[in-house]
Every structure is written in C-alpha cells, then in structure tokens.
Amino acid sequence: MHVNDHNFAQAVNQVPKIIDSNIDFRTIVENTNNIIFALTRQGIFSYISPNWTDILGHELSEIIGKPFILFIHPHDTSICTEYIKIALTTAKKQDPIEYRVKHKDGSWRWHTSNASTIKDANDSFLYLVGICHDITTRKQAEEKILERARLADFRADVDAGLAQSKTLECMMRYCTEALVQHINVAFARLWTLNKQENVLELQVSSGMYTHIDGPHRRVPVGQFKIGLIAQEGKPHLTNSVKTDPGISNKEWAEREGMVAFAGYPLIVEGETLGVIAMFSRQELTESTFKVLAIVADEIAIGIKRKQTEEALAKSEARFRHLVETTNDGVWEIDHQGVYTYVSQKIREILGYEPQEVLGKTPFDLMPLAEANRVREIFRVMADSKQPLINLENKNLHKHGHLVILETNGVPFFDASGNFLGYRGVDRDITERKQAEEALQALVAGTAAVTGEEFFPALVRHLAAALGVRYVVLAECVAEDSTKARVISFWIGDRLTENFEYNLANTPCEVVLTKGMSCYTSGVQQLFPQDEELRLLDVESYLGAPLVDTFATPIGYLCVLDTKPILQPERAKAIIAIFAARAAAELQRQGTENALRKKAQQLQETLRELQQTQAQLIQTEKMSSLGQLVAGIAHEINNPINFIYGNISHASAYIKSLLHLVELYQQHYHPPAPEIEKEIQVMDLDFISQDLPKIINSMDIGAERIRQIVLSLRNFSRTDEDGMKPADIHDGINNTLLLLQSRLKNKPEYPKIQIICEYGDLPPVICHAGQMNQVFMNLLTNAIDALEEGLGIEEVGGMRGMREMRGMRENNQLPIPTIYIRTLAQDNSIIIRIADNGPGITEEVHKRLFDPFFTTKSVGKGTGMGLSISYQIVVKNHRGQFQCISAPGAGAEFVITIPQQQ
C-alpha cells in the first residue's frame, strides 16, 4: 500500500515522545513478553517494542517502516486487514484475533492481538497501537489435541467399516472414503494383488478421483511408485512431493497443489495383499503417518479376513451346489448309524424324500440278509474308526425293485477327538453291475471266437443278456448309403440268413443319423412304413450305432421285442458295450482286408522310399565330399605349383654353384688350410653328388602331388553340372589314384594287383561325378572283399599273417587282383569290374541292391553304396547294373550305359 512520507515521519516522531513521557510505561514495554507495535493508516510499522527481536528474531531496523502484511501468513492476511479496517472506520473495541507471524528462521509463530486508534485533539487519526502475545505453544497443544481426536475418529470410522462392511469392495471403499474425510487427503486409492499375474489391480478410489480406469488400473509389481511399494514391502512417505524422486509426474503435482504422499504395503504374516496410497494438499504430521501405518495393517487384516470369508462362502456355495447336483447321494450318519443328513439325490436313487429317511438307518432300507451283513461290517469299521471304501450293498427301492449302491464314507470327530459318525456318498451302480455281468457273458461267450463266427456269437449272447427275441447286426453298404447289409440276425433261438434292405423310414435310419435310439413301446405306430416291424410283431426297439475311430457310423446293432422294454437305462448300457465290441471287430476285419489288399503296394512304396532316402543322403554326402575335395585340391595346388615351379630354377642354380666350386678347386689348389679343413668336415664330394639327387627327388615328389591334386579335382567334378561328354577311363584312373594307399603292400595285407584292359571308348554323355561315385563304390567294395577274404582272422593274429605270407610265397594262395575291362558295343559302353575274392552267397545276392543292407561289421559301411550305384546307373543313366558271383569264385559287376542319353 502507498505510504505518505510526511504523515509517516510525523507519526514516527510522536510515538517515542509519548512513550518517553512516561518512564514506567517504557520499563513495562521493554520487559514484558508481549510486543507493543504502532501502525500508520497505511499499515506500516512506525514503532516496535525491542522484545520483537527476542520473540521473532528480526532486528528492529528490519521491521520499522515495513508493511505489517509482509510478516503475516498468507492464509491469515484477510483476518488482519479486516481487523484494521474496522478499527480505523469505527474506532470500536474488538475481540482479539489469532494469526501467524513469520519468524526470521522461516517458521510461523501463532500470536493473538488487539489494537486501538490514537487520535489528536482534533479527533484526527494518528496511528494504531496494539499489543500481541505469542500463543504458539498453546496452539500447538490445541492442534495436537484436535489431531488426536481427528485420528481417533478416523480409526474408529475405519474399524467400523472393517467390521460392518458386507463385501470386500464395500469395506475397501469405506476405508478410502474415511481417509478423504478425516485425514483431509485429496484422494486415496487401494490396489489388491493378483498373485497369478503378479499385478496390482485398482479396486477403489475416493476423493478428487473416483474412477478405477486409466493407466494405474493394473500396475505390475516392481514398476512405478505403487509397484515398488509392493515389491519392497516398505511404505513411501513424503511431505515434499515436488522434490521427491519417487514421484514421477511432477507437473501434475504442481498443477494440483499436491504437497504430501503416503503409500503403505498391505501385508499380513509376510503375505502382500495390496497397496493403499493417498495424496494430500497439506503436510501430514508424524502422528498422522504413524496412525496411517497402524490403519494400513488393520486394513490388510480386514482384507485378508474378508477374502477368506468370501472364499469360504464361495466354497460352501460350491460344495452345496455339488452336493445337490452330483449324481451321488450325500449323507451323514451318527455313531449308531442313524441318518442325520441326506441330500435330495436320495429321491432319484431309492425313491424316498429326504425327510422319510432321516431318523432311520441304512440297514432299514435293505433286505434282511443284506442288512445283517452290512450292519456287521459297519460295526467292525466303526469300532476301529476306519473309513468305508467301495462297500457294495443291495437296497430296496421304494417301489420294490433292487438297487445296488457303492458306499464310501469317512469318520468324523469333535474337537476333543470323540467319534461322532460317518459322512459319505452313495453311488447307484445297478446298471454298471448289470453291464459288467453282460460284459462277462460277452467275453466268456466270444473269447475263443474269431472271424465269421464272432458276430453270430455276439448277437446270441446279447439276446440272452437282455432277454429279447430279436437282435440285428448290420453294416453300412459303402456303395449305397440308403441301404444296410445284415451280417448277423438272431430270431428267437436261431440265426437267419443275411440280406440287404432299405433304411428309409425305419428306426435303424434314426440310429445311423442321430445316435442311440430307444422306443420302449409302440414302435410300429412311430414307423408305420417299416414292413419288417409289422411282420415280426415288434413292440419295442433299442439301437446303437457302430462307429469307427473317426466317429463315423459304419453299421448298427439293435434289439427288438414283442413286449415293452422295462429297464431302458440298463438295456442302453448293455447294448453300448456290445456295440463297441462289434464296431471294433467290424473295423478290425475291414482294416485287415484293406491292409491285405494293399500289402504289396505298401512294400513297394517302402522300398522306393528307402531308395529315395538313401539316394538323398548319399547325394548330399557326396556333394559335401566333392566340395571338400575340390577345396582341398585348390588349397594344395597353389603351394605345390610354387614348389614345383621353383625346383627347376633351384636345380640350375645348384649346378652353377657346384661348377663354380670345381673351378675354384682347379685354379686354387691346394686351398688354404682352413678351407681344406672345412671341405673335409662337410664332405664336399658327397654333397656334390647327393644334392642333385635330392633336387631330383623333390621334383618327382612335387609331380606326384600335382597328379594327386589333379585326380582329386577330376574326381569331384565340381566344375561340371548336368550331363556332358566324359572320358570314362579318366574317371577310373582318377579313382584308382585316390585308392593307391589301400592297394599298396601292408604288413597285414599283400599288395592288390590292378589289371586294366581298356577298350577304345568314345566320349560318353553322362554325369561324370556320379559315375566316379559308382567306380569308387565298386572298387572300395572289391578291396574290402579281398581284404576280408584273406582269412587272417580265421587263422588268428600275427601267427596267421606269417603262415599266410609263407603260403603265398609258395604260390599256395592266389595274388589278390582286381580286373577292370571296358568296351564299346551297339551304341553302349560296358564296364566290368571283378575281383578274385571269396564271392557272394545266393542269400546276399538277393538283397545286394537293397538300401542300408550290408555284410560289413558295424562302423565299416552304411549299406548304401550299391543301392546308390544302382540308382545312378539304372535310373539316372537308363543303363543296366548286374552282379555275377558265386561263393569262392569272386564277384564281377557289369555296368552298361548308352553312349547318348
């Protein structure tokens, strides 16, 4: 507000004079605990008693001349300005006001104050004089009392909500609303933990936000502020939202004026149930935080209790539903065997209402002999407190017929361990027992029957099991879906001839289209167009479809009688067993016939699949081998060419150097003593003679390596694709070169002799790489046969090898030899590869070209070589592949392929 400098100066000068005029008043002012102040009309301090500094920390120079409003709490400025306004305008005495004044350290102190106006003799306003008293201690005490009362009301409200809420949702909402009402938070939210997904799900929200949708609807544990509270199991508390690193959305907090946040995990006995959190626009005291922590624990306990109650209620409802809807009768009897509870199912099982059975014993519902038997069993089990397990017992239905029950029960006890009785279930197994008897009769009657005799035996036993006059077993006609073929028909006491008939407008048509059908009486009236029903005087009909493994009807089984069916459920259970057995046999016979017809086709298909598989495997292997061989040949070729190309130069240089040495010897003889000594040490004459020989040996070795590399490249033929003209002899020679290591003389085997008789062959159009593969397979097999045919293993060890070597030196054993002959004949070429090994037996000869067939020991072959070779020659080159052999006469393979493909 604007200050008039002249008036202000006048007021400042007058106040001390007035105060100084009374020395006692000055003494009082300077020693009192109250602050004396004077304000100008503009609200500016014109005087402050010295104790302001002691009470509020400011020096007087920092106060005098400043507007009082600068030191008043923003929330209290309206109270103070209104007070001064009334004082200036009315000059009436007012009640003291309470407000907050800022201490120099930044804290706020509570003061109470009253003031009055000072005027001159002309009744003109001079200044406003007041006195203020520090009441901070009293206000803090009052606030603590109010806070305790408020927190007590809050806890009482929460406790009431926890105790009185009927549902978990109502209880949680009551708690969050209590937070908003009593703690005055802006809003409060509560999440519960979904343990299966490890996600916090927002259940209730109260205050400024009441919706539960949005980004915080589902919070994964460990993410965001709420998820971290659940993960760490620790609260997060702050009175400085703007600076707290855990608060992510600072802009929202600034916009909404949020000051404090409190979030608590809801934990019971180490189990995290959820998180409760709240935001406040004012600071929360330490007492509030403590109460919130206590209330959070109470809420957690309340949630756990309510969850348990709801789970129990659901379980009880589910159990009651199961009891009332289960197919079994549920019961309870006391220690004397008297019914204390019976479920409604007793009406369907034995025909009684539950109230008719209560107070009776199970034995009262049984035939006399059965009652005595079961009563004795119950007495023994009850004495030893043992459970009743699968106890079969016969009971009389209210209408008089017999019902067989299977009883299971367990003993129950009171809190002191006293035996009270049994609780258990009764299951009606009448139809099952009848079906078991029928099944036993079926098994006994058909166990030794197979084939065509099975179906007549089946219909005969079904007629006996159900006591009916007619039984028909038929199969669907594949060629005509409107007809069925009867394969067994029982009439009274005999079988009749089989026949075909039309299914239209018959109960059998219903069975094939809709499944099992039962007409307990009046079937003729329901199917008036079925002439067979009239001729047989049929009154009742029951039929079941015969289905295959794909649930497709393949026939039907039906029973017909001249009287009604009295126990249809029993009859259905029995015919279902017979129908299943008949369907299995019918399908087995059909499958067996189909398999028999296709056996040859499947064998041929299997053979082709094996050959294809073998060829694919071998082709892939040879392709990889060809690439590997070509790569190795290429890598070896470069350095060997370097060596081979430099040997001639090295030889020339060495000759020149040796010649120079000779000239030195001729013209400088005798040499110096040191040179003479070195010549003798190094043996110069020997070196001069041996060094050219070494170079020559290196030249021969390099040439040999070059030939091997060339053979590898020619064998792999990686640079050729498809059929092209090729020299067959080159392919054979390259293969032999690669097999040289196996042909050489060894300690355990003699050298294998190769005799080649090549004819004059023109270039042949073929897959050169594939033909090389054939040559490799045949030559490898020949070498294996020759090595195995030496008989070393039969003679035994080193002694055997020595004996064989002696026999061969005495010409008692033939030299192992492979013969290779080629010739051209009638636009074809013929390649014959033979050995003088042990030959092939007739049994082996039959399977020679089968995939994976081998006579070698494990690890010495896959059994695919000859099969692949056969495929290459016959399928790929439209040729012929023969084997001529006999035991002891060696083996010869003859390949014939056309010159042009």
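This one's a predicted model, so the numbers in the text were calculated from it and none came from an experiment.

## Remarks on the overall build of the protein chain
1) Next: Regarding its fold elements, the protein chain presents 27 helices and 30 strands.
2) Next: The buried share of the protein chain, taken over its 901 residues, is 40%.
3) Next: Long-range pairs, those at least 24 residues apart, make up 56% of the contacts in the protein chain between residues at least 6 apart in sequence.
4) Next: Counting every atom, the protein chain has about 50,600 Å² of accessible surface; 53% of that belongs to carbon and sulfur.

## Brief notes about the nonpolar core
1) Next: Ile728, Leu778, Ile818, Ile831, Ile833 and Ile895 are the most contacted members of the largest nonpolar core, which has 39 residues in total.
2) Next: Sort the elements by how many residues they give to this core and helix H23 (residues 768-788) lands first, with 10 residues.
3) Next: Among all residues touching isoleucine 728, those that are not within four sequence positions of it are Leu761, Val764, Cys766, Phe775, Ile829 and Ile831.
4) Next: Leu162, Val185, Phe289 and Ile299 belong to the second-largest nonpolar core, a separate cluster that totals 31 residues.

## Digging into the environment of lysine 166
1) Next: By the secondary structure assignment, lysine 166 is in the loop between helix H5 (136-164) and helix H6 (168-183).
2) Next: When the C-alpha positions of lysine 166 and glutamate 310 are compared, they lie 9.9 Å apart, and in sequence the two are 144 residues distant.

## Looking at the confidence of the model for the protein chain
Do not read the predicted coordinates in detail wherever pLDDT is low.
1) Next: With 83% of its residues at a pLDDT of 70 or more, the protein chain shows a mean pLDDT of 81.
2) Next: For the protein chain, per-element mean pLDDT is lowest for helix H24 (residues 792-795), which scores 39, and highest for strand E21 (residues 517-519), which scores 95.
3) Next: Contacts from residues 1-13, a stretch scored under 50 in pLDDT, to residues over four places away or in other chains number 15 contacts.

## What to know about the pattern of salt bridges
1) Next: A full pass over the atoms with the stated rule returns 31 salt bridges.
2) Next: The shortest N-O distance in the salt bridge between glutamate 197 and arginine 218 comes to 2.3 Å. Of this pair, glutamate 197 sits in the loop between strand E6 (187-194) and strand E7 (199-207) while arginine 218 sits in strand E8 (residues 218-220), and the two are 21 residues apart along the sequence.
3) Next: Judged by its relative accessible area of 38%, arginine 218 is partly exposed.
4) Next: A salt bridge links glutamate 585 to arginine 581; the shortest N-O distance between them is 3.8 Å. On the criterion of helical spacing, the pair formed by glutamate 585 and arginine 581 is a turn pair, its members being 4 residues apart in helix H18 (residues 568-667).

## A closer look at helix H15 (residues 507-514)
1) Next: Buried residues of H15: Pro507, Cys508, Val510, Val511 and Leu512, and no others.
2) Next: Of the surrounding secondary structure, the elements contacted by the buried residues of H15 are strand E17 (470-476), strand E20 (500-502), E21, helix H17 (531-535), strand E22 (540-547) and strand E23 (553-561).
3) Next: In the segment just after H15, glycine 515 is the residue with positive phi, at about 100°.

## Some details on the sheet that holds strand E4 (residues 108-119)
1) Next: What the 5 strands build is an open sheet, ordered E2-E1-E5-E4-E3; its pairing is antiparallel. The two strands at the open ends of the sheet, each matched to only one other strand, are strand E2 (45-48) and strand E3 (97-102). Averaged over neighbouring strand pairs, the angle between their axes works out to 35° when direction is ignored.
2) Next: Pairing of strand E1 (residues 35-39) with strand E5 (residues 125-134), which is carried by 5 bridges, proceeds in the antiparallel orientation. If you follow phenylalanine 37 over to E5, its bridge partner there is glycine 130.

## A closer look at the sheet that holds strand E15 (residues 402-413)
Strand pairing in a sheet relies on backbone hydrogen bonds. The paired strands run either parallel or antiparallel.
1) Next: On the basis of which strands lie adjacent, the open sheet formed by 5 strands has the order E13-E12-E16-E15-E14 and antiparallel pairing. Edge positions in the sheet fall to strand E13 (339-342) and strand E14 (388-396), since each has one partner strand and no second. Neighbour to neighbour, the strand axes of the sheet diverge by 30° on average, direction disregarded.
2) Next: Inspection of the sheet shows strand E12 (residues 329-334) paired to E13 by 3 bridges, in the antiparallel sense. By the bridge assignment, isoleucine 333 is partnered in E13 with tyrosine 339.

## Some words on the side chain of glutamate 892
1) Next: With respect to the element layout, glutamate 892 can be found in strand E30 (residues 891-898).
2) Next: Taking the relative accessible area as the measure of exposure, glutamate 892 reaches 16% and is therefore buried.

## Quick notes on the pairing of strand E29 (residues 880-885)
1) Next: Pairing of E29 with E30, which is carried by 6 bridges, proceeds in the antiparallel orientation. Note on E30: the bridge partner recorded for phenylalanine 881 is isoleucine 895.
2) Next: Taking the residues between adjacent antiparallel strands as the criterion, E29 and E30 are bridged by 5 residues, where glycine 888 takes a positive phi near 80°.

## A closer look at unusual backbone geometry
1) Next: Although it is not a glycine, phenylalanine 224 sits at a positive phi angle of roughly 60°.
2) Next: In this fold, phenylalanine 224 is placed in helix H7 (residues 224-232).
3) Next: Here asparagine 390, not a glycine, exhibits a phi torsion of approximately 50°, which is positive.
4) Next: Counting through the fold element by element, asparagine 390 comes out in strand E14.
5) Next: Take asparagine 390: its relative accessible area is 45%, and that puts it in the partly exposed class.

## Regarding helix H14 (residues 454-466)
1) Next: Its 13 residues place the ends of H14 19 Å apart at the C-alpha level, agreeing with the 18 Å of an ideal helix rising 1.5 Å per residue.
2) Next: Counted residue by residue, H14 has 11 buried out of 13 residues, so it is predominantly covered.
3) Next: Looking one or two residues beyond H14, the residue adopting positive phi is glycine 467, at roughly 65°.

## A look at the environment of serine 651
1) Next: Note on placement: serine 651 falls in helix H18.
2) Next: The class of serine 651 is partly exposed, set by a relative accessible area of 22%.
3) Next: Each C-alpha atom, one on serine 651 and one on proline 692, is 7.0 Å from the other, the two residues being 41 residues apart in sequence.

## Considerations on a nonpolar patch on the surface
1) Next: Nonpolar side chains collect at one region of the surface, where Leu657, Leu660, Leu663, Tyr664 and Tyr668 lie side by side and expose about 540 Å² of accessible area between them.
2) Next: Counting through the fold element by element, leucine 657 comes out in helix H18.
3) Next: Of the residues examined, leucine 657 reaches a relative accessible area of 54% and is grouped as exposed.

## Points about the packing of aromatic side chains
1) Next: Scanning the entire structure with this criterion turns up 21 aromatic pairs.
2) Next: Each ring, one from phenylalanine 881 and one from phenylalanine 893, has its centre 6.0 Å from the other, and the planes form 40°; the classification is tilted. Of this pair, phenylalanine 881 sits in strand E29 while phenylalanine 893 sits in strand E30; the two residues are 12 residues apart in sequence, bridging distant segments of the chain.
3) Next: Accessibility expressed as a relative area gives 6% for phenylalanine 881, which makes it buried.
4) Next: An aromatic cluster is present here, built from Phe187, Tyr209, Trp252, Phe261 and Phe279 joined pairwise through their rings.
5) Next: Over the face of the ring belonging to phenylalanine 261 we find lysine 225, whose NZ or CZ atom lies 4.9 Å from the ring centre.
6) Next: Note that arginine 423 overlies the ring of phenylalanine 412, its terminal NZ or CZ placed 3.8 Å from the centroid.

## As for the packing of helix H21 (residues 728-738) against H23
For any two helices packed against each other, the geometry is given by the interaxial angle and the distance between the axes.
1) Next: Where H21 meets H23, the axes come as close as 9 Å, and the angle between the chain directions of the two elements is 45°. When the interaxial angle is binned, H21 and H23 end up oblique. Seen from above, H21 lies across H23 with right-handed handedness. Two secondary-structure elements touch here, H21 through Ile728, Gly731, Ile732, Thr735, Leu736 and Leu738 and H23 through Asn772, Phe775, Met776 and Leu779.

## Things to note about the pairing of E1
1) Next: The buried fraction of E1 is high, at 5 of 5 residues.
2) Next: Neither face of E1 is left uncovered, since the one carrying Ile35, Phe37 and Leu39 and the one carrying Ile36 and Ala38 both have all their residues buried.
3) Next: Bridge count for E1 against E2 is 3 bridges, and the pairing is antiparallel. Of the residues in E2, the one forming a bridge with leucine 39 is phenylalanine 45.
4) Next: Connecting the antiparallel pair E1 and E2 is a turn made up of 5 residues, with glycine 43 showing a positive phi of about 80°.

The rules we used
Residues numbered from 1 in each chain as written. Predicted model: local features only at pLDDT ≥ 70, side-chain atom pairs only at ≥ 80, totals over all residues. Heavy atoms only, no water. Helix = DSSP H or I, 4+ residues; strand = E, 2+ residues; numbered from the N terminus. Buried < 20%, exposed > 50% of the residue type's maximum accessible area, 1.4 Å probe, protein only. Contact = heavy atoms within 4.5 Å. Areas by Shrake-Rupley, 256 points an atom, 1.4 Å probe, with all protein chains shown as cover. Core = buried A, V, L, I, M, F, W, Y, C linked by side-chain atoms within 4.5 Å. pLDDT = per-residue confidence, 0-100. Salt bridge = Lys/Arg side-chain N within 4 Å of Asp/Glu carboxyl O. Pairing = 2+ DSSP bridges. Axes fitted to C-alpha atoms, helices over the stretch in contact; angles between N-to-C directions. Expected span 1.5 Å × (residues − 1). Patch = residues over 30% accessible without salt bridge, like charges linked within 9 Å, V, L, I, M, F, W, Y side chains within 5 Å. Phe/Tyr/Trp six-rings, centres within 6.5 Å; stacked < 30°, edge-to-face > 60°. Lys NZ or Arg CZ within 6 Å of the ring centre and 35° of its normal. Parallel < 35°, antiparallel > 145°, perpendicular 65-115°, else oblique. Left-handed = near helix turned anticlockwise from the far one by under 90°.

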